[in-house]
Structures are given as C-alpha cells and as structure tokens.
Amino acid sequence: MSVELIRKQMGLNEMTRRENVQVVKERDIIVPDGKPDMQRVLYLDGDINIDQIDVQEDRVVYKGQLDTTILYVPQNNSKEIYTMKGSIPLEDFVILDGVDNDQRIAFNYNIEHMHWNILNERKLNVKAIIGVSVEATKPKEIELVTDVRSDSPIQTSFDTVSIVRPSQNGVEKLIVKDELTIPQGKASIAEILKMNTEIKEEQIKRTDSEILYNGIVEVSTMYTSQDEDKPVEVVKHRIPFAGSSDVTKPGEEVYWNCDLTVKPTYMQVSPDYDGEDRIVEVECIVEAKYNTYDKNDETIIDDVYFPGKKVTIANNTSDYMTLASKGAAKASKKEMVTVDSGAPDTEQIFSVTLKPMVEEKQINGDKLTVSGMVEAKIVYIDPENMNMVQTAVEMLPFNQELVIEGLSKDAYIDVKVQPKDIEVSAYNKNDLMIDYALDYIANVYKKDIVQTINQINVEDMDKEELNNYPSITVYAAKKGDSLWNLAKRFNTTVQDIVEINDLDENAALNLGQKLIILKKTKF
C-alpha cells in the first residue's frame, strides 16, 4: 500500500550559547607635545568603538578601541584646564563552545568602570573594566509533513506550529550637522574641552513601508574661555532631525523595535563676523537600529492511522527557540541628587548620564518584576572649587512590574531598561532634581520541541487481530480522552462516533460522558 508524505521546509532558530564576561584593559596615555605638564586629573570618560567582529570555531573575536577624554589641571595653575585624548586597543575573544561562522551573533558591551593613576607629570595610566555579552543563535531548516496521501482510507490529526523569529534587521545612519553660535552672554572659545550629544523628544512610527523617526539632538559643549571670571563655560544647543528606514511590513510581522543613538563625529571652531571664536561646526551621526519579528503558522500532520491496518510511525524531534511574547512599560521618575559643594546653576551643568543595571527579575504568574539601580552621573562646573569640573554620582533604585502573557520559570527573559527625556534643575542649594523616564522592554524566549513524521509503515491486520476489537462498546469518557484518541483505539473513525452519538465534532468530551462505539468492519 502506497503512502506519500507531503513535506514543506520551515526555518527555525536555536539559541546555542550565551556568555557574559568582564575584561580589564589598561594603557599609559602620554600628554601630547605642546600641552603643559599635568598636576591633577579632573575628569575621565571613554567611548567604545568596535570595528570588527569575527566568528571562529568555539570563539567570537572582536577588535576596536576605547577612546578616552581626559581633563586635567597643569602644574602651578589651578584656573586653567586642558584636554587630551587617548585610546586603548581592544583585541580579545569570548569563548563560546560550539559556535561557528554560520550562526547569528548578538554582541553587546559597556564600560562598567574607569580609573586613572598619574605616573608622572607627562604620563597617565588608564584602566577600564568592560562588560561584554555575546549570544549565538543557529538557524536551521526542518521538514514538516503537511499532508499524507494514500490509496486506502486514512485518518489524520492536525496541529499548528507557531514560530516567531527575527526577520529584518539593520542600521540606518543619518548625518546631522549645524553651525552653532555661542550666545552673547557667554565668553568666546579658547579651546573646546569636551562635547556631549544626547537624543531628546524622540518619536518613532511604523508604517507599511518604512520606519519613521525624528527628535532633537542636544549638543552640550564645555570649553575654556579668555574670561578670568569664567574660565570654563558650558553651552547647550538643540538640532532637530528626521529620518526613515525603508522596511516593508509583511503581513506576518508581529513585533518591531527601533533604537536611536547619536555620536559626534566632527567639530571645528570658527570665528564670527567680529573675528571672535564663537561658531562651532558640528557633525553627528544618528543611528537607527531596527529589528522586526515575523510569526509563521504552519499546519502539520502530527498523527495518522488506517482503520483495519497496523501503522508504525517514525518521528524526528527538533528543538527550537521562539519569541513567545513581549512586554513594555514606561515609568516617569523624579529623584534628588545631593551635591556636596552646593547645587550649581542649571546653565553650569554639562551632562547628566543615567546607566540602568538590572539586578533581579522575578516571575509571579503573568507578572514580571524588574528591579535594579540607576547610576546617575552629573558633570558640572564649579569655578569656586579647586577642581572646577565636578562629578556627582548617585545610585537610584528602580522597581517595575510588567504584565506579559506566557511567562514561565524556564523561559529566557531579555530585559532592556533605557532612560529617556532626562532633565535636571536646581531643587535647593544642595540638591538637584532629575526628571526622567525609564522605558522597559522585555523579550520572553521559550525553547520548544516540534515532532515531525519521518516515515509511515502500514501492514494489514490479520483476522484474529481484527476479532480482538469488541463489536460494540459503551464507553465512559475519562480525563484526557478525545474523539481522535478513541477512534484510533477502537479501530473506527471520528465521523462514525460523531454520527452514532449525535455529537459536535469540535466539542470537548465531558468527564463520564457515555459514548456508543461500533467496530468498523468495512474500510
């Protein structure tokens, strides 16, 4: 007897490995020629640029550099501040057993801590602790049986496999540039010490053909001036931007997200019409990193039998990972930060940086509670202090509940907490008030198993085997019974049971429900 299996290919994703590591990098930074000797360091920060990620057997190799900015005071002159740049090469690897270059890699990093040590007046040692997170996902194709054809009567049971997986991803870069003028109430520029850029008032929208985004790039510039009363100045400018990414929206799309970041790439000081250095040419790159997720539903054959025949089924089992659900929440917050030397005027605040750190994720039914700390770092100018560039750091707790369908203890939950719309103001003479919002995005991934039919063997029953089935049975439904299972067990069909008992084929059986089941003698 011929049995033909109708097959269809379906793509799955399997998460193979995740690894979180800390790496320590350090290097001596030399004061450039033409800069005075160094007495005190006022400020240090860094920015990581990864140029290359290479997936090799059992490891992920990355290359790049940590660019540093250092503000210092020269010897015997506490009212002057100088800036110098440096870089620390990054060339390392993360061991991931079983990874190869056919797998998709998600690579994330952040600076957890930076420290300096003055070796002498011309040399500074900088040490950084960097957190690196790597996730490897392996795509694979499986064959699903979507239909069975035979020249004999066949009974089939269907199931639906639903898989949500990444479909489109990319990065769109938008150049934002402008000529910024120093206001007349501020002194002209002697030297730019540091520039900071931040996105505010962002709006992101999804259409059928693209992802639209717009917002404001706030540019904060710290510079030295010729005014002895105000040796260091801070000025802020706002540059609007708008862009789009051509991403067609298919009917299968169920989730999408887009993250905006900005980095300054160029700055140049130019004179105004009066010959004073009051014009700053600025160029920034706004990056829009997007991801979309499609849901694929496929109806498959999960069981078959032939009344009057002996059937042997060989199955294949495949593991896969699916994005089971997503959750999101937004919370507005107000927190006070105490400043030891007295709260500065708002115009003297250079930057406010918030770095959330998730410490605990708790599941209770369909509720996910995310808690942790936000490191708030405020950099401001205090001309009355010996260290004119001051940094105030405060740890602020957060706790947020998200309602998400399909949560389970064995799910892998990826949570991102992003600060938005940060504003700061003076609350009293010692405290600053920070207004901000925290965006919570949680992706819930589940590992599941799909069982597919590989082969079906069919043999005739002999007369004795057929006679072992009772001619008529009055059966009381038990827990877990279904019309399909009963028809298969008693060598009949679902349709026969439905017709004899006047049942609705789609209705569930009640516990103890009486059914009359007749042995089928003709097939």
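Before any of the text, the structure's been laid out above.
Thresholds applied
Residues numbered from 1 in each chain as written. Predicted model: local features only at pLDDT ≥ 70, side-chain atom pairs only at ≥ 80, totals over all residues. Heavy atoms only, no water. Helix = DSSP H or I, 4+ residues; strand = E, 2+ residues; numbered from the N terminus. Contact = heavy atoms within 4.5 Å. Areas by Shrake-Rupley, 256 points an atom, 1.4 Å probe, with all protein chains shown as cover. Lys, Arg positive; Asp, Glu negative; His and termini not counted. Charge placed at Lys NZ, Arg CZ, Asp CG, Glu CD. 1 Å grid on protein atoms, 1.4 Å probe; cavity = no way out; pocket = protein on both sides within 12 Å on 5 of 7 lines; lining within 4 Å. Points joined across faces, edges and corners; volume = space filled by probe spheres on them. Nonpolar A, V, L, I, M, F, W, Y, C, P; charged D, E, K, R; others polar. Buried < 20%, exposed > 50% of the residue type's maximum accessible area, 1.4 Å probe, protein only. Polar contact = N/O pair within 3.5 Å; in protein donor to acceptor, adjacent residues only side chain to side chain. Pairing = 2+ DSSP bridges. Axes fitted to C-alpha atoms, helices over the stretch in contact; angles between N-to-C directions. Arc of directions from axis to C-beta.

Draft legend 1. Fine view of the overall build of the protein. Of the regular secondary structure elements, the protein holds 3 helices and 20 strands. Summarising the internal contacts of the protein: among those between residues at least 6 apart in sequence, 78% fall at separations of at least 24. When the accessible surface of the protein is totalled, it reaches about 27500 Å², and 42% of it is carbon and sulfur. One finds the centroid of the 60 positive side-chain charges in the protein at a distance of 5 Å from the centroid of its 91 negative side-chain charges.

Draft legend 2. Fine view of the layout of surface pockets. Approximately 360 Å³ is the volume attributed to the second largest pocket. If you go around the second largest pocket, you meet 17 residues; those closest to its centre are E202, I204, C258, D439 and I441. Mapped onto the lining of the second largest pocket, the elements with two or more residues apiece are β8 (191–206), β11 (253–271), β13 (309–338), β17 (412–426) and β18 (431–460). Here the element with the most residues in the lining of the second largest pocket is β11; it accounts for 5 residues. Split by residue class, the lining of the second largest pocket holds 6 nonpolar, 3 polar and 8 charged.

Draft legend 3. Focus on empty space enclosed by the protein. Counted according to the given criterion, the structure contains 1 cavity of 30 Å³ or more. In this structure, the largest cavity occupies an estimated 40 Å³ of space. In terms of lining, the largest cavity is formed by N13, V164, R165, P166, Y293, M321, T322, L323 and Y445.

Draft legend 4. View of the side chain of E298. Along the chain, E298 turns up in strand β12 (residues 277–305). Taking relative accessible area as the criterion, E298 reaches 17% and is therefore assigned buried. At a separation of 3.0 Å, a polar atom in the side chain of E298 contacts the side chain of K8. Sequence-distant contacts of E298, defined by excluding residues within four places in its chain, comprise K8, M10, L144, T146, D159, T160 and V161.

Draft legend 5. Molecular detail of the sheet that holds strand β3 (residues 59–74). Across the sheet, which stays open at both edges, the 3 strands sit in the order β2-β3-β4 with antiparallel pairing between neighbours. The sheet is open, and its two edges are formed by β2 (38–56) and β4 (82–95), each paired on a single side. Across the sheet, the axes of successive neighbouring strands diverge by a mean angle of 15°, strand direction being ignored.

Draft legend 6. Looking closely at helix α3 (residues 494–501). Along α3, the residues that are buried comprise V494, I497, V498 and N501. Down the axis of α3, the smallest arc covering the buried residues is 100°, so these residues share one side. Tucked inside the fold, the buried residues of α3 contact β7 (155–181), β12, α2 (483–489) and β20 (514–518). Looking one or two residues beyond α3, the residue adopting positive phi is D502, at roughly 55°.

Read these as layout, nothing more, since geometry by itself doesn't imply function.
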